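The residues making up each chain are set out below.
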Amino acid sequence: MSDTEIKAVFIVNTRIDNNVGRRVQGLVNTINKFNSDIKVEYASYYESSIPKRIIDLIKILFSKSMIVHIIEPFGPSFIFLPFFRIFRKKIIYQTGDVHYLNAQFIGLKSAKFSTISKLSEKIHYIFSNVFVVGSLGLKEFLVTEMNISSDRILKVNYLGCPDIIGKENANQIEQQNSLTPLIEIDSKISGKFIIAYSGALWIMNTQGKMIPRGWEIPFIIKALRDKGHNDVVALVTGDGPGKDKIEEISQNLGVKDAILMAGNISRELYFSFLKRAHICFVESFDDKTYQMKDPSKISDYVQVDCPFIWSLNKESKLWKDYPLLVKPPDLKNDIYKLNGNYISSIAKLIDLYIADKSFRERCVLSFKELKENFPNWDSISRSVMDIYRSLL
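What you are looking at is a predicted structure, and each value in this text was computed from that prediction instead of being measured.

Trainee: Any details on the overall build of the protein chain? Residues and values, ideally.
Mentor: Broken down by element type, the protein chain carries 16 helices and 14 strands. Of all 392 residues assigned to the protein chain, the portion counted as buried reaches 53%. In the protein chain, once contacts between residues fewer than 6 apart in sequence are set aside, the share between residues at least 24 apart is 74%. Of the roughly 18,000 Å² of accessible surface on the protein chain, a fraction of 51% belongs to carbon and sulfur atoms.

Trainee: Quick rundown of helix α6 (residues 136–144)? Include the residues and the values.
Mentor: G137, L138, F141 and L142 are the residues of α6 that are buried. Across the axial projection of α6, the buried residues extend over an arc of 135°, all falling on one side.

Trainee: I'd like a description of the pattern of salt bridges, backed by residues and values.
Mentor: Scanning the entire structure with this criterion turns up seven salt bridges. Between R225 and D257 there is a salt bridge, with its nearest N and O atoms 2.9 Å apart. Of the two residues, R225 is situated in helix α9 (residues 216–226) and D257 in the loop between α10 (243–253) and β11 (259–263); the sequence distance between them amounts to 32 residues. R225 gets classed as partly exposed once you look at its relative accessible area, which sits at 21%. Residue D305 pairs with K371 through a salt bridge whose shortest N-O separation is 2.2 Å. Taken as a pair, D305 in the loop between α13 (297–303) and β13 (308–311) and K371 in helix α15 (residues 357–373) lie far apart in primary sequence, 66 residues in all. Residue K371 is classed as partly exposed on the basis of its relative accessible area of 27%.

Trainee: Break down the confidence of the model for the protein chain for me, citing the residues and quoting the values.
Mentor: For the protein chain, the mean per-residue pLDDT works out to 82, and 87% of the residues sit at or above 70. Across the protein chain, element-level confidence peaks in α9 with a mean pLDDT of 96 and bottoms out in helix α7 (residues 167–170) with 39. Contacts of residues 165–179 to residues separated by more than four positions or lying in other chains number 23 contacts, the stretch itself having pLDDT below 50.

Trainee: Tell me what's going on with the sheet that holds strand β12 (residues 279–281), and back it up with residues and numbers.
Mentor: Taken together, six strands build an open sheet; the order of strands is β11-β10-β7-β12-β13-β14 and the sheet is parallel. The open sheet has two edge strands, β11 and β14 (325–326), and neither has a second partner. Across the sheet, α9 touches β7 (193–198), β10 (232–237), β11 and β12, and the angle it forms with β10 is around 170°. Each of β7, β10 and β11 is contacted by helix α11 (residues 267–274), which is oriented at about 165° to β10, the strand it contacts most.

Trainee: Describe a nonpolar patch on the surface, naming the residues involved and giving the relevant values.
Mentor: There is a patch of nonpolar side chains on the surface, built from I50, I54, I58, F62, F83, I86 and F87 and spanning about 680 Å² of accessible area. Of all the secondary-structure elements, those providing two or more residues to the nonpolar patch are α2 (50–61) and α3 (77–86). Ranked by the residues each element gives to the nonpolar patch, the list is headed by α2, at three residues. Here I54 shows up in helix α2. Judged by relative accessible area, which is 32%, I54 ranks as partly exposed.

Trainee: Go over the nonpolar core with me, naming the residues and quoting the values.
Mentor: In this structure, I195, F281, F308 and W319 are the most contacted members of the largest nonpolar core, which totals 69 residues. Sort the elements by how many residues they give to this core and helix α14 (residues 341–355) lands first, with seven residues. For F281, the contacting residues outside a window of four places in its chain are I195, A196, Y197, E216, I217, I220, Y301, I309, Y342 and I346.

Trainee: Let's hear about the packing of aromatic side chains: which residues, and what values?
Mentor: All told, the structure shown has 18 aromatic pairs when counted by the stated rule. Between Y197 and F281 the ring centres are 6.0 Å apart and the planes differ by 40°, which places this aromatic pair in the tilted class. One end of the pair, Y197, is in strand β7; the other, F281, is in strand β12, and 84 residues separate them in sequence. Neither residue differs from the other here; Y197 and F281 are each classed as buried. Aromatic rings pair up to connect F308, W310, W319, Y322, F367 and F374 into one cluster. Over the ring of Y336 we find K245, and its NZ or CZ is 6.0 Å from the ring centre.

Trainee: Provide a residue-level description of the packing of α2 against α3, including the pertinent values.
Mentor: Put simply, α2 and α3 touch, their axes get as near as 11 Å, and they point 15° apart. The pairing of α2 with α3 is recorded here as roughly parallel in orientation. As for the relative orientation of α2 and α3, their crossing is right-handed in sense. Between α2 and α3, the contacting residues are I54, L57, I58, I60 and L61 on the first element and S77, F80, F83 and F84 on the second. In the contact of α2 with α3, the residues fall into eight nonpolar, one polar and no charged.

Trainee: Describe the pairing of strand β8 (residues 203–206), naming the residues involved and giving the relevant values.
Mentor: Alternating positions in β8 separate cleanly, M204 and T206 being buried on one face and I203 and N205 remaining unburied on the opposite face. Here four bridges tie β8 to strand β9 (residues 209–212), and the two strands are oriented antiparallel to one another. Its bridge partner lying in β9, N205 is registered against M210. Linking two consecutive strands that pair antiparallel, namely β8 and β9, is a turn of two residues; a positive phi of about 55° is found at Q207 within it.

Calculation notes
- Residues numbered from 1 in each chain as written.
- Predicted model: local features only at pLDDT ≥ 70, side-chain atom pairs only at ≥ 80, totals over all residues.
- Heavy atoms only, no water.
- Helix = DSSP H or I, 4+ residues; strand = E, 2+ residues; numbered from the N terminus.
- Buried < 20%, exposed > 50% of the residue type's maximum accessible area, 1.4 Å probe, protein only.
- Contact = heavy atoms within 4.5 Å.
- Areas by Shrake-Rupley, 256 points an atom, 1.4 Å probe, with all protein chains shown as cover.
- Arc of directions from axis to C-beta.
- Salt bridge = Lys/Arg side-chain N within 4 Å of Asp/Glu carboxyl O.
- pLDDT = per-residue confidence, 0-100.
- Pairing = 2+ DSSP bridges.
- Axes fitted to C-alpha atoms, helices over the stretch in contact; angles between N-to-C directions.
- Patch = residues over 30% accessible without salt bridge, like charges linked within 9 Å, V, L, I, M, F, W, Y side chains within 5 Å.
- Core = buried A, V, L, I, M, F, W, Y, C linked by side-chain atoms within 4.5 Å.
- Phe/Tyr/Trp six-rings, centres within 6.5 Å; stacked < 30°, edge-to-face > 60°.
- Lys NZ or Arg CZ within 6 Å of the ring centre and 35° of its normal.
- Parallel < 35°, antiparallel > 145°, perpendicular 65-115°, else oblique.
- Left-handed = near helix turned anticlockwise from the far one by under 90°.
- Nonpolar A, V, L, I, M, F, W, Y, C, P; charged D, E, K, R; others polar.

The following block contains the structure:
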């Protein structure tokens, strides 16, 4: 096949500037740069108007493209799936979660959204040749709940893969932005031990409990203060309906002065903030919908060389020697509990990380070894190209 050009088109049903969109950009750029027999291109954009996207989809239908690679299920693209199959095109459906379940999980109760999402995803399940997922939890759901054969589902591991900003740019971004926000933050965190947390601060609806993302941060700070660490601060980036709840918890625990809520900031400034952190935190929920998602923030933490605390789960269970893993919270006994096993375990690790040089060096070394085994754009593009070739 080396003398044959395989043409694939991406239908991107999400914003180009979010985590999924950036991954698509990285994939397209890498495949086109290093492979002569496979060429891919964007064909339809989430940002386009509905009429423009329908015209794009009609063009794809009559084009010579052999593979239609759909990223996320939204938009008018699902209407065209049967016609793509009639025109003998191979369809790859790539998604980060089951969207109607995720909408319920983050508290979006729109009946219209739920109905359209269910219909769209069902049509993708019927007409797609191959499914590409980023997590073992999502693959397990598609097999057990949706009765999709496991040999039609391929996992492409993005976990820890750098953002397309690139490490070189990430190290130079302070030259590209106003330093005023950095100066303001630096004046508050100078000489402090910094814990970083980032994410959309949704309020999660899990097992009947309404829990804001990032609820752990004020409890972690309080537990560390109780251990005598008065020089620890948390830098939180992101916004959402859970922000007020986090601030309320911080106020009630008497640690509001140690939690800096940066809100939504530019991608470049975000990396500048992360570079100041000593350790990062990734939350966990023992919930099947949450376990379907692959935590994209880990890629950001890896990019700035910052070790992170996470939970033992389907993805991390193979990291046998990584010392910064804790059991996920028990929703009955650990949520909002300062002395619960979850917060206590996290605080114990951070306390040890601060106080014990040999443990800190072990964590850093283990993080570096873990980072070396994470995927890069070359390995990801090879995985995707293998899928393309298997379909033809």
